[in-house]
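Spelled out, the chains give:
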Amino acid sequence: MPPDMRIVKTGAILAMGLFCIQSPSFGTESLAAMGVTGAPREEIQIRRAWALERLLANLSVEGTAPGAVVASPSKRDPNYFYHWVRDSGLVMSALIAEMDDVRWSASLRTRIETEVRDWLAFEARLQETPNRSGGLGEPRFLVDGRADHSDWGRPQNDGPALRALAAIRFAWREIALGRRLEVERRLYRAELPARTLIKKDLEFVAHHWRESSVDLWEEVTGDHFFTRMVQRRALLLGAELATALDDPEAAVSYRLEASKIARALEDHLDPARGVLLPTLRQVRANQLVQSRVEKTSGLDVAVVLGVLHGEVPAQSGGFTVQSRAVRRSAELLEADFLRLYPLNAGSSLLPREEMLAPAIGRYPEDVYDGTGSSQGHPWFLATNAYAEWHCRRGEGELGIRYLLRTIHHQGLAGEMSEQYLRTTGFQQGARDLTWSYASFLTATRACLE
Ligand code: NOJ
Ligand code: NOJ
């Protein structure tokens, strides 16, 4: 944020009679103290509440079906007023993690639970909605649940896996509360053809993971590290649920397919550079991407997102937040963003700025500016991914510095769009991106633990 805006921000906060969020002691505090106690921790707690509130504001909004998750309330430039299966799966996983946290008021927890149940019912409907992907890989739907007939990069096969992961988490919670019959009725029942939400997604993943699909950025068709990581995790966690719900044969087949995915994931390792390649067998770029970028760096924050959402800690083997190749990928990617984004050159005028970790974007060659193509910028969800990744690696002090980077570019009430400008840090692209809030919730949860 440029200094002029900072003054506006601080002034507004004081005028509103709030405590001083940008506490002057902030910049001089030692990082060691920061991670544990003091202003940053309290500030982060407050901003978590804002993020949760703003995330909830994007669920079941006026003019949409109950359970629909708009990617952003923005209806033009860009129009993100759609229900994306990927975004909503990630958003719901983050929300389910908050659902039983007694630090939230009882009414807030009830509200979260209602939203999660509505979302599950909405997704069950979408699974049955004929669409141009001809299966469960359809990336997005209209907010009233109808199919989207527009030209789009499809299928995107991370969606069913991410939806299953959120639903599985919810199913275990329900089982623990003695609602097993209800889970068997609506979420997972041992029968084929599958008629329940989780079982349908797991069958789809088990049978279709070998097929190439469009990546999470909706730009290239191929075999993607991110997609495979979340597919493998869905099958492994699905196998545990299948075992608990008397479906042992399914558990065996899900585990078997997961082990094959694990072997396919090894192919992403580039031995020469020690990095994980985000995409293999890239067959074509999405026709819709206006300027076809050659992705030559082999670096993408999708690799970090892949371990955040796809690691299976109890499992031996497989890539995790601790993997050396993930670290190598993350370091090289960050080095590129240091070079590419003037924002990362830093200004030493403000003491707090020295504490900020670099702003992180999607990948170096990115030209998507949030509405069209010019040049890519840092993304909140990418910066938050670095925060979460470091914190989950046990590097909390470093992780918090990425959170401070995010906070530095948030609006007065914690607003987060999709991107922030590589030059000035002003917000850019779809406003109030639901996924930005979800990523802030999971990152701060990991960092405050
Ligand atoms: C663009 C992102 O690249 C994609 O991952 C996301 O699903 C959509 N926007 C909607 O937020
Ligand atoms: C919209 C997609 O969601 C985004 O990820 C992509 O970069 C642009 N389209 C490309 O045009």
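Bear in mind that the values here come from a model prediction, so they are computed numbers and not experimental data. (Residues numbered from 1 in each chain as written. Chains lettered and ligands numbered in written order. Predicted model: local features only at pLDDT ≥ 70, side-chain atom pairs only at ≥ 80, totals over all residues. Heavy atoms only, no water.)

S.K.: What exactly am I supposed to notice about the overall build of the chain here?
M.R.: Helices and strands together make up the secondary structure of the chain, namely 15 helices and nine strands. Here the chain holds 449 residues, and the buried ones make up 59% of them. Accessible area for the chain stands at about 17900 Å²; split by element, carbon and sulfur atoms hold 54% of it. (Helix = DSSP H or I, 4+ residues; strand = E, 2+ residues; numbered from the N terminus. Buried < 20%, exposed > 50% of the residue type's maximum accessible area, 1.4 Å probe, protein only. Areas by Shrake-Rupley, 256 points an atom, 1.4 Å probe, with all protein chains shown as cover.)

S.K.: I'm lost on the nonpolar core in this one. Help?
M.R.: Considering soluble globular proteins, one finds that nonpolar side chains tend to be buried as a cluster. Core analysis: the largest hydrophobic core is formed by 117 residues, its most contacted members being Leu 95, Val 116, Tyr 188, Ile 198, Trp 217, Tyr 254 and Val 301. Examining the composition of this core, we find that 11 residues originate from one element, helix α9 (residues 225–244), more than from any other. The contacts of Ile 198, once residues within four sequence positions are left out, are Ala 167, Ile 168, Ala 171, Leu 187, Tyr 188 and Leu 241. Counting six residues, the second largest nonpolar core, distinct from the first, contains Ala 68, Phe 122, Leu 126 and Phe 141. (Core = buried A, V, L, I, M, F, W, Y, C linked by side-chain atoms within 4.5 Å. Contact = heavy atoms within 4.5 Å.)

S.K.: Where do I start with the pairing of strand β4 (residues 220–224) in this structure?
M.R.: Regular strands have side chains that alternate between both faces of the sheet. For β4, the tally of buried residues reaches five of five residues, placing the bulk of the element in the interior. Alignment of strand β3 (residues 213–214) against β4, held across two bridges, turns out to be antiparallel. Bridge pairing in β4 links Val 214 to Thr 221. The hairpin turn running from β3 into β4, its antiparallel successor, is five residues long, and Glu 218 in that turn takes a positive phi close to 65°. (Pairing = 2+ DSSP bridges.)

S.K.: Can you walk me through the state of the cysteines in this structure?
M.R.: Such a bond, covalent and formed between the sulfur atoms of two cysteines, is termed a disulfide. Scanning the entire structure with this criterion turns up one disulfide. The partner cysteine of Cys 391 in its disulfide is Cys 447, sulfur to sulfur 2.0 Å. Across the S-S bond of Cys 391 and Cys 447 the torsion is about 100°, and the bridge reads as right-handed. Separated by 56 residues along the polypeptide, Cys 391 in helix α13 (residues 380–392) and Cys 447 in helix α15 (residues 434–448) bring together distant segments of the chain. (Disulfide = S-S within 2.5 Å.)

S.K.: In this structure, what is going on with the packing of aromatic side chains? I would like to understand it.
M.R.: Here a ring pair, both rings aromatic, is described through the centre-centre distance and the interplanar angle of the planes. Under the criterion given, the structure shown has 10 aromatic pairs. Put simply, the rings of Tyr 80, Tyr 82, Trp 84 and Trp 152 pair up and form one aromatic cluster. The cationic tip of Lys 75 hangs over the ring face of Phe 81; the distance from NZ or CZ to the ring centre is 4.5 Å. Between Arg 140 and the ring centre of Trp 152, over which it is positioned, the NZ or CZ distance is 3.7 Å. (Phe/Tyr/Trp six-rings, centres within 6.5 Å; stacked < 30°, edge-to-face > 60°. Lys NZ or Arg CZ within 6 Å of the ring centre and 35° of its normal.)

S.K.: Hey, could you run me through the environment of Tyr 188 in this one?
M.R.: By the secondary structure assignment, Tyr 188 is in the loop between α7 (180–186) and α8 (197–208). When the C-alpha positions of Tyr 188 and Lys 200 are compared, they lie 8.5 Å apart, and in sequence the two are 12 residues distant. Aside from chain neighbours lying at most four places away, what touches Tyr 188 is Val 183, Thr 196, Ile 198, Lys 199, Leu 202, Leu 241, Ala 242, Leu 245, Asp 247, Ala 250 and Tyr 254. A distance of 3.3 Å separates the side chain of Tyr 188 from the side chain of Lys 199, its partner in a polar contact. Here Asp 247 takes part through its side chain, which lies 2.6 Å from a polar atom of the side chain of Tyr 188. (Polar contact = N/O pair within 3.5 Å; in protein donor to acceptor, adjacent residues only side chain to side chain.)

S.K.: How do you make sense of the site of ligand 1 when you look at a structure like this?
M.R.: In the vicinity of ligand 1, 13 residues are found, and the nearest of them are Tyr 80, Arg 86, Asp 87, Leu 216 and Arg 362. Arg 86 places a side-chain nitrogen or oxygen 3.1 Å from an oxygen atom of ligand 1. The backbone of Leu 216 places a nitrogen or oxygen atom 2.7 Å from an oxygen atom of ligand 1. Its free accessible area being 300 Å², ligand 1 has 97% of it covered by the protein chains. Of the residues assigned to the shell around ligand 1, the class counts are eight nonpolar, no polar and five charged. (Near = heavy atom within 4 Å. Nonpolar A, V, L, I, M, F, W, Y, C, P; charged D, E, K, R; others polar.)

S.K.: Honestly, the packing of helix α6 (residues 158–176) against α9 in this entry has me stumped. Any pointers?
M.R.: In a packed pair of helices, the relevant descriptors are the angle between the two axes and the axis-to-axis distance. Look at α6 against α9: their axes get within 8 Å of each other, and the N-to-C directions meet at 30°. In this view, α6 runs roughly parallel relative to α9, as classed from their interaxial angle. Regarding α6 and α9, the two cross each other, and that crossing is left-handed. Facing α6, whose interface residues are Asp 158, Ala 161, Leu 162, Ala 164, Leu 165, Ile 168, Ala 171, Trp 172 and Ile 175, α9 presents Phe 226, Thr 227, Val 230, Gln 231, Arg 233, Ala 234, Leu 237, Gly 238, Glu 240, Leu 241 and Ala 244. The class makeup of the residues in the contact of α6 with α9 is 14 nonpolar, three polar and three charged. (Axes fitted to C-alpha atoms, helices over the stretch in contact; angles between N-to-C directions. Parallel < 35°, antiparallel > 145°, perpendicular 65-115°, else oblique. Left-handed = near helix turned anticlockwise from the far one by under 90°.)

S.K.: Any chance you could explain the side chain of His 268 here in plain terms?
M.R.: Counting through the fold element by element, His 268 comes out in the loop between α10 (248–266) and β5 (269–270). According to the relative accessible area criterion, His 268 is buried, its value standing at 0%. Only 3.0 Å separates the side chain of His 268 from the side chain of Arg 228, close enough to count as a polar contact. With near-sequence residues (within four places) excluded, His 268 lies in contact with Asp 223, His 224, Phe 225, Arg 228, Val 275, Leu 276, Leu 277, Pro 278 and Leu 280.

S.K.: For this particular structure, what's the right way to read the side chain of Asp 201?
M.R.: The topology assignment puts Asp 201 in helix α8. On the basis of relative accessible area, Asp 201 is assigned to the buried category, the value being 0%. For Asp 201, the contacting residues outside a window of four places in its chain are Gln 127, Leu 136, Pro 160, Arg 163 and Ala 164.

S.K.: I keep staring at unusual backbone geometry and nothing clicks. Help me out?
M.R.: Excluding glycine, a negative phi dihedral is what most residues carry, and trans is how most peptide bonds are arranged. A cis geometry characterises the amide bond from Asp 77 onward to Pro 78, with omega recorded as 5°. Here the bond from Leu 192 into Pro 193 is cis, since omega is -5°, no more than 30 degrees from zero. Residue placement: Pro 193 occurs in the loop between α7 and α8. Positive phi is not limited to glycine here, since Asp 246 has a value of about 55°.

S.K.: What should I look at first to understand the pattern of salt bridges in this one?
M.R.: Overall, the coordinates contain 47 salt bridges when judged by the stated rule. As a salt-bridge pair, Arg 173 and Glu 113 come within 3.1 Å of each other at their nearest N and O atoms. Here Arg 173, found in helix α6, pairs with Glu 113, found in helix α5 (residues 106–127); they are 60 residues apart in sequence, far enough to count as distant. For Arg 173, a relative accessible area of 15% gives the class buried. Among the residues examined, Glu 113 registers a relative accessible area of 18% and is labelled buried. Residue Arg 179 is joined to Glu 174 by a salt bridge in which the shortest nitrogen-to-oxygen separation is 2.9 Å. Exposure remark for Arg 179: the relative accessible area of 33% places this residue in the partly exposed category. (Salt bridge = Lys/Arg side-chain N within 4 Å of Asp/Glu carboxyl O.)

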